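# Analysis of the macromolecular model
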Amino acid sequence: MTDEDQMIAPAAPDYRQAQYLTSAARFNQCPPDEGWEVAFAGRSNAGKSSAINSLTNNKKLAKTSKTPGRTQLINFFELTPTQRLVDLPGYGFAKVPVAVKKEWTRQLENYLAKRQCLRGMILLMDVRHPLQPFDEQMLNWALTAHMPVHILLTKADKLKKGPANNSLLAVRKAMQAHQELVSVQLFSALKHTGHEQLIQVLNNWLTDESVYDDEDIADA
């Protein structure tokens, strides 16, 4: 174990200090594989960029668009020199050739399997349409790598409280067999609700002192 492996985990970050760092079209273009990182993933219409902007209180940080599928790169946002949030390419509605989608999938799979500093994944799903095939694929990748996943059921403001809670309970029931790795909550970027629970999860992952104990992660 190197001196870097023995570094002490940092304190919880101030998410309002997030700044754009860099973008990568391919896995080998990612910044150095050091520190603590959490990735945001989801279908192209799940509201990933809006959730990041709501969390960081910066509506211009992650690019949003009315055209689904605009996030075609792996975008890195720095919280501190050793902590980052990552906006992964969205899938499902992007109007691009099949070959391009296949390449995105390959690069995304490389990132999830090989990125040693990745401590967990925030998986965003529209509360009205959760657990779509792409969501299941992402969950399978994460669970195979024993990576913790926190599901954000976004756009909770689109449903009344009863139906929204029903969707939450249904997803929790579906994930019951994986409850050690998967957690679920409601979230609304428009109403800025659900921040406290999300921040608690992020803080746990981004200050995990066991970050370098799992030397086999690179072989996942």
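Residues numbered from 1 in each chain as written. Predicted model: local features only at pLDDT ≥ 70, side-chain atom pairs only at ≥ 80, totals over all residues. Heavy atoms only, no water.

## With respect to the sheet that holds strand β7 (residues 182-186)
Stated formally: Should DSSP find at least two bridges between two strands, the strands are regarded as paired. Note on conventions: DSSP H or I runs of at least 4 residues are helices, E runs of at least 2 residues are strands, and numbering of each starts at the N terminus. Here an angle of 0 to 180 degrees is reported between the N-to-C directions of two axes, which are lines fitted to C-alpha atoms, with helices fitted over the stretch in contact. Contacts between residues were defined by any pair of non-hydrogen atoms, one from each residue, lying within 4.5 Å.
Across the sheet, which stays open at both edges, the 7 strands sit in the order β1-β3-β4-β2-β5-β6-β7 with mixed pairing between neighbours. Here the strands that pair on one side only, and so sit at the sheet edges, are β1 (19-24) and β7. The sheet shows a mean angle of 25° between the axes of neighbouring strands, direction not considered. Where strand β3 (residues 74-80) lies against strand β4 (residues 83-87), 5 bridges are found, and the strand directions are antiparallel. Note on β4: the bridge partner recorded for Thr80 is Gln83. Each of β6 (149-154) and β7 is contacted by helix α4 (residues 161-174), which is oriented at about 175° to β7, the strand it contacts most.

## A look at the nonpolar core
This is how the line gets drawn: Definition used in this section: a nonpolar core is a set of buried Ala, Val, Leu, Ile, Met, Phe, Trp, Tyr and Cys residues joined via side-chain atoms within 4.5 Å. With a 1.4 Å probe rolled over the protein chains alone, any residue whose accessible area is under 20% of its type maximum counts as buried; one over 50% counts as exposed, and the rest are partly exposed.
In terms of nonpolar packing, the biggest core is built from 31 residues, with Leu88, Tyr111, Leu112, Met138 and Ile151 touching the most fellow members. The set of elements that each furnish at least two residues to this core consists of β2 (36-42), β3, α2 (98-114), β5 (118-126), α3 (133-144), β6, α4 and β7. In terms of residues, this core owes the most to one element, α3, which gives 6 residues. Other than its neighbours up to four places away in sequence, Met138 contacts Ala41, Leu108, Leu112, Met121 and Leu123. Val38, Ala51, Leu152 and Leu202 belong to the second largest nonpolar core, which has 24 residues in total.

## Some remarks on the pairing of β7
In plain terms, the rule: With the strands pointing away from the viewer, any crossover whose connection runs clockwise from the first strand over the helix to the second is right-handed.
Sheet topology places β6 next to β7; 5 bridges connect them, and they run parallel. Bridge pairing in β7 links Ile151 to Val184. With α4 bridging β6 and the parallel β7, this β-α-β connection has right-handed handedness.

## Focus: the pattern of salt bridges
Cut-off, in case you're wondering: Any Lys or Arg side-chain nitrogen found within 4 Å of a carboxyl oxygen on Asp or Glu counts as a salt bridge.
In the structure shown here, the tally under the stated rule is 8 salt bridges. The shortest N-O distance in the salt bridge between Asp87 and Lys48 comes to 2.6 Å. On the criterion of sequence distance, the pair formed by Asp87 in strand β4 and Lys48 in helix α1 (residues 48-56) is long-range, its members being 39 residues apart. Residues Asp87 and Lys48 agree in their burial class; the two are buried. Here Lys155 and Asp126 are joined by a salt bridge, their closest N and O atoms 4.0 Å apart. In this pair, Lys155 is assigned in the loop between β6 and α4 and Asp126 in strand β5, connecting sequence segments 29 residues apart.

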